[in-house]
Amino acid sequence: MAMSGENRKFARIKRMMKEQEIILSEHLEQTLSETVGKVDCDRLFVLTDETTLRLCWPLVGGLACMQEAQMITIRATDENKTLDSLAHVWTALQQGGATRHSLLVCLGGGMVTDLGGFAASTFKRGIAYINVPTTLLAMVDASVGGKTGINFGGLKNEVGVFNPARTVVLDTEFLRTLDYENLASGYAEMLKHGLISNVENWAELLRFDLHRVDYRALGQLVAKSVAIKERIVGEDPLEHGIRKALNLGHTVGHAFESLAMMENRTVLHGYAVAWGLVCELYLSAKRTGFPTDRMHQTAQFVRETYGTFAFTCKHYDRLYELMTHDKKNTAGQVNFTLLGNVGDIRINQTATREEIMEMLDYYRES
Ligand code: GLY
């Protein structure tokens, strides 16, 4: 029987997701040389932002395989994940003579891998790209699983496509270049992976001391975290079902992030997710029976690690409105992923406006 368009797309993406090679590298130079060498490309482009150009490119720029690379650099930070930056990358590819057989290496954090992946996926209807994530957030989340895109119209990741990188090269040596805030930001996604997996992973994450980082232990936690994401994405690459588990904390987190953006406050993505996790665990306790002791333990860890997001009841309507714009919503209802317990995932949950207001009260008061 012939497959429908949607099923064909699903089968193609699922196959690509299975083929997305994730390499836990211990020797960056060797891994990258082999990875780039395997791709039969006519031209090589490397995308960085201004920060990774300065801090990370020197670690790989001397490799023989990089000698012919044409550099494309965009401004750093999520505010620059825009149509203008995207157009800059498209223009650089075009002026550099990129063809369908060219390769783009995205060297940077989630902003670079999201935007670079989208640029590669759309240029001449798609060229190959490799992600070399340099932040914890990009390693455990953004660079893996094929979500690409940009912010648009004041909303996060509003425009994009699912299209996995051919290879993701993870090298935890880059983590040593990160400050506390950027480590903590990525760690929030790991905490989310702990919450949706099992009590052992969750408890191990709560015990880890981010103020005195044991990089070897962190590397092991990263490998576990990526494996959790890979398993879920492999089952449901287009987010029709279980992949929604990865949205835990994000419905509220994105609203916090968008509010901060509107008020020109700088909030790292992971911080917003961590605060969003606390809110959504409150909803989970209320609606799906999440144990309150585990909610309090997680909230305490989040408070100690991330502080709190400052807002007043004057912001409630705006936050609610932002939640109603979330891509995950259907039929005008705010969609949440909640938990019945650690590892007990309940997708497609809703909450009333009153419950959401109550959740915001709880967050501010706790
Ligand atoms: N960041 C959530 C996902 O990749 O689905």
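The notes below deal with the structure included here.

To continue, consider the site of the ligand. The immediate surroundings of the ligand are formed by D141, K147, K229, E239, R243 and L246. At 2.9 Å, a side-chain N or O of K147 approaches an oxygen atom of the ligand. In this structure, an oxygen atom belonging to the ligand sits 2.8 Å away from a side-chain N or O atom of R243. Partitioned by chemical class, the residues of the shell around the ligand number one nonpolar, no polar and five charged.

One way to put it is that helix 14 (residues 316–324) packs onto helix 15 (residues 353–365) with a least axis distance of 11 Å and a crossing angle of 120°. The orientation of helix 14 relative to helix 15 falls into the category oblique. For the pair helix 14 and helix 15, the sense of crossing is right-handed. Listed contacts from helix 15 to Y316, D317, L319, Y320 and M323 of helix 14 are R353, I356, M357, M359, L360, D361 and R364. Split into classes, the residues belonging to the contact of helix 14 with helix 15 amount to eight nonpolar, no polar and four charged.

With that settled, the discussion passes to the layout of surface pockets. One number sums up the size of the second largest pocket: a volume of about 390 Å³. If one sorts the elements of the lining of the second largest pocket by residue count, helix 10 (residues 215–235) sits on top with six residues. Looking at the lining of the second largest pocket, its residues break down into five nonpolar, four polar and five charged.

Tallied over the full model, the rule gives twelve aromatic pairs. Geometrically, the ring pair formed by F256 and F311 is tilted, given 5.4 Å between the ring centres and 40° between the ring planes. On the criterion of sequence distance, the pair formed by F256 in helix 11 (residues 250–262) and F311 in the loop between helix 13 (292–306) and helix 14 is long-range, its members being 55 residues apart. Of the two residues examined, F256 and F311, each falls in the buried class. Three or more aromatic residues joined by ring pairs make a cluster, and in this case those are F256, Y271, W275, Y306, F309, F311, Y316 and Y363. The cationic tip of R353 hangs over the ring face of Y320; the distance from NZ or CZ to the ring centre is 4.7 Å.

This next bit is on the side chain of T167. Checked against the element boundaries, T167 lands in strand 8 (residues 167–170). For T167, a relative accessible area of 3% translates into the label buried. Side-chain polar atoms of T167 contact the side chain of E21, separated by 3.1 Å.

Analysis parameters
- Residues numbered from 1 in each chain as written.
- Predicted model: local features only at pLDDT ≥ 70, side-chain atom pairs only at ≥ 80, totals over all residues.
- Heavy atoms only, no water.
- Near = heavy atom within 4 Å.
- Polar contact = N/O pair within 3.5 Å; in protein donor to acceptor, adjacent residues only side chain to side chain.
- Nonpolar A, V, L, I, M, F, W, Y, C, P; charged D, E, K, R; others polar.
- Axes fitted to C-alpha atoms, helices over the stretch in contact; angles between N-to-C directions.
- Helix = DSSP H or I, 4+ residues; strand = E, 2+ residues; numbered from the N terminus.
- Parallel < 35°, antiparallel > 145°, perpendicular 65-115°, else oblique.
- Left-handed = near helix turned anticlockwise from the far one by under 90°.
- Contact = heavy atoms within 4.5 Å.
- 1 Å grid on protein atoms, 1.4 Å probe; cavity = no way out; pocket = protein on both sides within 12 Å on 5 of 7 lines; lining within 4 Å.
- Points joined across faces, edges and corners; volume = space filled by probe spheres on them.
- Phe/Tyr/Trp six-rings, centres within 6.5 Å; stacked < 30°, edge-to-face > 60°.
- Buried < 20%, exposed > 50% of the residue type's maximum accessible area, 1.4 Å probe, protein only.
- Lys NZ or Arg CZ within 6 Å of the ring centre and 35° of its normal.

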